[in-house]
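Structural characterization, general
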Amino acid sequence: MSPAFSHTGVAVIKLKNPPVNSLSLELLTELVITLEKLENDKAFRGIVLSSDCPGIYSAGLDLLEMCGKSPGHYAEYWRAVQELWLRLYLSKLVTVAAINGPCIAGGCLISLTCDYRVLADNPKYVTGLNETVLGIVAPFWFKDTLVNTIGHRAAERALQLGLLFPPAAALQVGMVDQVVPEDQVQSTALSVMAQWMAIPDHARQLTKSMMRRATADRLLRQRDADVQNFVSFLSRDSIQKALQAYLEKLKQRKG
Ligand code: CO8
């Protein structure tokens, strides 16, 4: 991950975990620490979240962290995923996702926590929560984040079918706020940022909290139970087999 800082109070964080920016425990931990620092530094008022992996925003959670590991590892991993979501969803800073590649499942969740999403116009750059296709189920707080973004009916359809939307469809359903030519993603994200930063922080922050607090509180109230659910779900033989088969399919798809 490479955070770059500007004089304007905006930090540009570029995820970097080649080849596909999967969200490994290490990347999640690093990202949480960076966010905490920025949140506590009065010099910063906004974050642009982008990718440093050519042609990929994020392939989502790291399937290798969820396969063939111990229950203790699954619990540690899931706590880190929860922590990242809570930090981003409740961030006081303005957050803009500059999506410069496919943005899938956990990667899409990160983008959905942002205040605004700009997607590069490339038919390969799909975005969505595709968990059902893997034979797994998006947790309730993934679902809540999607519902809060695109509404109940569209979320229900997208989640059940595990839809990955190409740019025009993503824009139409509201998964992203703007689609722009690839070379304008970064500059557009920065000009959107300037617009959001023109609003007094305290009023914007209280409004964001008013819109989001109840959703975050739902997870905070049952964080341990959510970890337990994840661990027992992932420890099932059938789920492990489904994930292994999916990884195998990804490898076979190659070349
Ligand atoms: N985790 C780990 N490894 C991955 C992942 C991943 N999410 N995605 C891809 N890889 C690996 C591939 O297996 C491949 O490995 P290898 O080089 O050893 O064969 C390598 O990364 C490169 O992948 P590709 O060759 O497929 O790269 P492409 O550039 O052709 O395609 C894509 C990039 C489009 C991102 C493609 O890799 C893809 O579709 N990946 C799968 C994305 C996906 O389905 N993610 C879902 C993850 S699950 C999640 O985030 C939420 C789970 C919620 C928990 C629910 C409760 C249980």
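Below, the structure is looked at part by part. Predicted model only: the values in this text are computed from it and were never measured.

Attention now moves to the overall build of the protein. From N to C terminus, the protein includes 10 helices and eight strands. Computed over the C-alpha atoms, the radius of gyration of the protein is 17 Å, within 12% of the 18 Å expected from 2.2 N^0.38 for a compact globule of 255 residues. Scored against the burial criterion, the 255 residues of the protein give a buried share of 52%. Counted over contacts in the protein with a minimum sequence separation of 6, partners at least 24 positions apart contribute 77%. A total accessible area of about 12,100 Å² is found for the protein, and carbon and sulfur atoms account for 57% of it.

Let us now look at the packing of aromatic side chains. Scanning the model with the defined rule gives six aromatic pairs in all. Each ring, one from Trp78 and one from Trp141, has its centre 5.5 Å from the other, and the planes form 55 degrees; the classification is tilted. In this pair, Trp78 sits in helix H2 (residues 71–89) while Trp141 sits in helix H4 (residues 140–150), placing the two residues 63 residues apart along the sequence. Grouping residues by exposure puts Trp78 and Trp141 together as buried. Seen from their ring centres, Trp85 and Tyr89 are 5.0 Å apart, and the 15 degrees between their planes marks the pair as stacked. Of this pair, Trp85 and Tyr89 both sit in helix H2, four residues apart, which is roughly one turn of that helix. The pair formed by Trp85 and Tyr89 is uniform in burial state, with each residue classed as buried.

Right, let's talk about the nonpolar core for a bit. Judged by nonpolar contacts, the single largest core of 84 residues is most densely connected at Leu31, Leu49, Trp141, Leu146 and Leu243. Top contributing element to this core by residue count: H2, with 10 residues. The contact partners of Leu49, leaving out residues within four places of it in the chain, are Ile13, Leu31, Tyr57, Leu88, Val96, Ala97, Ala98, Ile110 and Cys114.

Cut-offs applied
- Residues numbered from 1 in each chain as written.
- Predicted model: local features only at pLDDT ≥ 70, side-chain atom pairs only at ≥ 80, totals over all residues.
- Heavy atoms only, no water.
- Helix = DSSP H or I, 4+ residues; strand = E, 2+ residues; numbered from the N terminus.
- Rg over C-alpha atoms; globule rule 2.2 N^0.38 Å.
- Buried < 20%, exposed > 50% of the residue type's maximum accessible area, 1.4 Å probe, protein only.
- Contact = heavy atoms within 4.5 Å.
- Areas by Shrake-Rupley, 256 points an atom, 1.4 Å probe, with all protein chains shown as cover.
- Phe/Tyr/Trp six-rings, centres within 6.5 Å; stacked < 30°, edge-to-face > 60°.
- Core = buried A, V, L, I, M, F, W, Y, C linked by side-chain atoms within 4.5 Å.

Remember that the coordinates give geometry; whether it matters functionally is a separate question.
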